[in-house]
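# Examination of the molecular architecture
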Amino acid sequence: MRMVLLGAPGSGKGTQADLLKDKYLCAHISTGDIFRRNLKDKTELGVKAGEFMNRGELVPDEIVIGMVKDRLREPDASSGFLMDGFPRTIPQAEAFDAMLDELGTPLDAIILLDIDEEILVKRLTNRRTCRACGKIWNLLSMKTENKTVCSDCGGELYQRDDDAELVIRNRLKVYHDQTSPLVSWYAKTGKLYTIEASASPDETLKKIQAALG
Ligand SMILES: [Zn+2]
């Protein structure tokens, strides 16, 4: 199975990526991981990307695409893959299509995790981080009486600046502006599956499996 996973911050994309990877025995390819590895190993593309990042500039599409192409040639991707964080733009999606054509491995599905924005905001603004161990909790799902301390280590819980409502609304706006054109573009392929993802991770997984047939 060759899939692209799309979803807003807080939509449970990471959780679904883990579940899908195990279910369909495919490689979970996240652009974050690819970047970190290329930078660490100082590959040619990694060094080039680093130069742009050091200047505070966006890494050009051709470098990102080159890294994805190298990653797809690794053995674990031959049985299928799950793309997470790529493509982000239409030019990237076009280049990705051309790359898959060349490899003779077209996409089977594009999965869009769809959740009402108010639910996302509620979920994200209820996140708290432990000052001592760094674990992330959610006030909505914590099972203890005292929700000001970490149930694992007793450390103090606090709200990160990233999880403040205004910051979250802004991140969601950026996500929608960036992703809407991509969603319309993929809709034309007939392989886009929009999955309502506000229920539990297991229920969302079931919906995805039903859609994929
Ligand atoms: Zn803790």
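Refer to the structure printed above.
Our subject in this report is the structure included herewith. (Residues numbered from 1 in each chain as written. Predicted model: local features only at pLDDT ≥ 70, side-chain atom pairs only at ≥ 80, totals over all residues. Heavy atoms only, no water.)

### Remarks on the packing of helix H2 (residues 31–40) against helix H3 (residues 44–54)
- Closest axis-to-axis distance for the H2/H3 pair is 7 Å, and the angle between their directions is 105°. One way to sum up the angle between H2 and H3 is to call them roughly perpendicular. On the side of H2, the interface is formed by Phe35, Asn38 and Leu39, while H3 contributes Leu45, Gly46, Ala49, Gly50 and Met53.
- Grouping the constituent residues of the contact of H2 with H3 by class yields five nonpolar, three polar and no charged. (Axes fitted to C-alpha atoms, helices over the stretch in contact; angles between N-to-C directions. Helix = DSSP H or I, 4+ residues; strand = E, 2+ residues; numbered from the N terminus. Parallel < 35°, antiparallel > 145°, perpendicular 65-115°, else oblique. Contact = heavy atoms within 4.5 Å. Nonpolar A, V, L, I, M, F, W, Y, C, P; charged D, E, K, R; others polar.)

### Topic: the sheet that holds strand E1 (residues 2–7)
- Ordered in space as E2-E3-E1-E4-E8, the five strands form an open sheet in which the pairing is parallel. A strand with exactly one partner marks an edge of an open sheet, and here the two such strands are strand E2 (27–30) and strand E8 (192–196). Strand-to-strand twist of the sheet, defined as the mean angle between neighbouring strand axes without regard to direction, takes the value 25°.
- Strand direction decides the pairing type here: E1 and strand E3 (residues 81–84), joined by four bridges, are parallel. The residue bridging valine 4 from the neighbouring strand is methionine 83, located in E3.
- The sheet strands contacting helix H7 (residues 165–187) are E1, strand E4 (109–114) and E8, and the helix crosses E1 at an angle near 145°. (Pairing = 2+ DSSP bridges.)

### Examining the pattern of salt bridges
- What the rule picks out here adds up to 19 salt bridges.
- Taking the shortest distance from any N to any O, the salt bridge between glutamate 74 and arginine 37 comes out at 2.6 Å. With a gap of 37 residues between them, glutamate 74 in the loop between helix H4 (61–72) and E3 and arginine 37 in helix H2 connect regions that are remote in the sequence.
- Relative accessible area serves as the criterion here: at 26%, glutamate 74 is assigned to the partly exposed category. (Salt bridge = Lys/Arg side-chain N within 4 Å of Asp/Glu carboxyl O. Buried < 20%, exposed > 50% of the residue type's maximum accessible area, 1.4 Å probe, protein only.)

### Quick look at the sheet that holds strand E5 (residues 127–130)
- Taken in spatial order, the three strands of this open sheet run E6-E5-E7, and their pairing is antiparallel. Of all strands in the sheet, those with a lone pairing partner are strand E6 (136–138) and strand E7 (157–158), marking the two edges.
- One ladder, built from two bridges, connects E5 with E7; its direction is antiparallel. Note that in E7 the partner of cysteine 130 across the bridge is leucine 157.

### Here we look at the packing of aromatic side chains
- On inspection of all chains with the given rule, the structure shows three aromatic pairs.
- Ring geometry for phenylalanine 86 versus phenylalanine 96: centroids 5.2 Å apart, planes at 85°, classification edge-to-face. Placement of the pair is phenylalanine 86 in the loop between E3 and helix H5 (90–103) and phenylalanine 96 in helix H5, with a sequence separation of ten residues. Each member of the pair, phenylalanine 86 together with phenylalanine 96, is buried.
- Three or more aromatic residues joined by ring pairs make a cluster, and in this case those are Phe81, Phe86 and Phe96.
- Of note, arginine 55 hangs over the ring of phenylalanine 52, and the distance from its end group to the ring centre comes to 5.0 Å.
- Here the basic side chain of lysine 135 rests over the ring of tryptophan 137, its NZ or CZ set 4.4 Å away from the ring centre. (Phe/Tyr/Trp six-rings, centres within 6.5 Å; stacked < 30°, edge-to-face > 60°. Lys NZ or Arg CZ within 6 Å of the ring centre and 35° of its normal.)

These values are about where atoms sit, not about what they do.
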